[in-house]
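# Understanding the architecture of this molecule
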Amino acid sequence: MEISNIKSTMYGKTENGTPIVEAGKETDKDIFLKMLVGQMANQDPFNPQDPTQYITQLAQFSSLEQMMTLNDSMEYLIGVNNGVLVNSALQTASSLIGKNVEVSSLDEDGKYQDYSGKVQSVAVKDGTVVLELKLENGEVKEFEYAELVKVNESKNIEE
């Protein structure tokens, strides 16, 4: 490779003078369409390619675009579904405020530890419903709603 070719490559062009597309600047489908049009415009007129190849590439592109649209729709539906589930869990968890419950949570050593306490409040943090418990020893601690094991019959735990 000559020095002039190295310089042109450094400045965003190939050896043939074609601009280099930087990653993230254009979508994949735009790049594909540019490549397909470039391929069609620059084919050898004395040795043309089989037109069925272009039809196949366009069909594949159409399928890819439909899958991308479907993927976007699925992501939206998953987001809506997760929102509904979190709201449902929050509503159910809020009915536990003032009740005595037991939770089982992993400690720093990776072992399950059981805790008992009175639910003081519930909240959503990072998409997860958490219970704030006032433990029997007076400490206030947060637990994920999924760690709830048991709702106890009411017994007095010091406020």
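As a starting point, this report considers the structure included with it. Just so you know, these numbers come straight off a predicted model, no measurement behind them. (Residues numbered from 1 in each chain as written. Predicted model: local features only at pLDDT ≥ 70, side-chain atom pairs only at ≥ 80, totals over all residues. Heavy atoms only, no water.)

## A look at the overall build of the chain
Summing up its helical and strand segments, the chain has three helices and five strands in all. Across the chain, helices and strands are ordered from the amino to the carboxyl terminus as α-α-α-β-β-β-β-β. A burial count over the chain gives 16% of its 159 residues as buried. Taking the intrachain contacts of the chain between residues at least 6 apart in sequence as the baseline, contacts between residues at least 24 apart amount to 37%. Carbon and sulfur atoms make up 54% of the accessible area of the chain, which totals about 12100 Å². (Helix = DSSP H or I, 4+ residues; strand = E, 2+ residues; numbered from the N terminus. Buried < 20%, exposed > 50% of the residue type's maximum accessible area, 1.4 Å probe, protein only. Contact = heavy atoms within 4.5 Å. Areas by Shrake-Rupley, 256 points an atom, 1.4 Å probe, with all protein chains shown as cover.)

## Here we look at the side chain of Ser-105
Inspection of the secondary structure puts Ser-105 in strand 1 (residues 100-106). Among the polar contacts listed, one links the side chain of Ser-105 to the side chain of Glu-147, at a separation of 3.1 Å. (Polar contact = N/O pair within 3.5 Å; in protein donor to acceptor, adjacent residues only side chain to side chain.)

## Examining the pairing of strand 1
Of all seven residues that make up strand 1, five are buried, and the element is covered over most of its length. Bridge count between strand 1 and strand 2 (residues 112-125): seven bridges; the pairing is antiparallel. What sits directly across from Ser-104, in strand 2, is Asp-114. Taken together, strand 1 and the strand that follows it, strand 2, pair antiparallel across an intervening segment of five residues, in which Gly-110 is found at a positive phi of about 85°. (Pairing = 2+ DSSP bridges.)

## Here we look at unusual backbone geometry
The backbone phi angle of Asp-126 is positive, close to 55°, even though this residue is not glycine. Classification of Asp-126 as exposed rests on a relative accessible area of 83%.

## Some points on the pairing of strand 2
Relative to strand 3 (residues 128-135), strand 2 runs antiparallel, the two being bridged by eight bridges. Across the sheet, residue Gly-117 finds its bridge partner in strand 3, namely Leu-135. If you look at the hairpin formed by strand 2 and strand 3, you'll find two residues sitting between the two strands, and Asp-126 has a positive phi there, around 55°.

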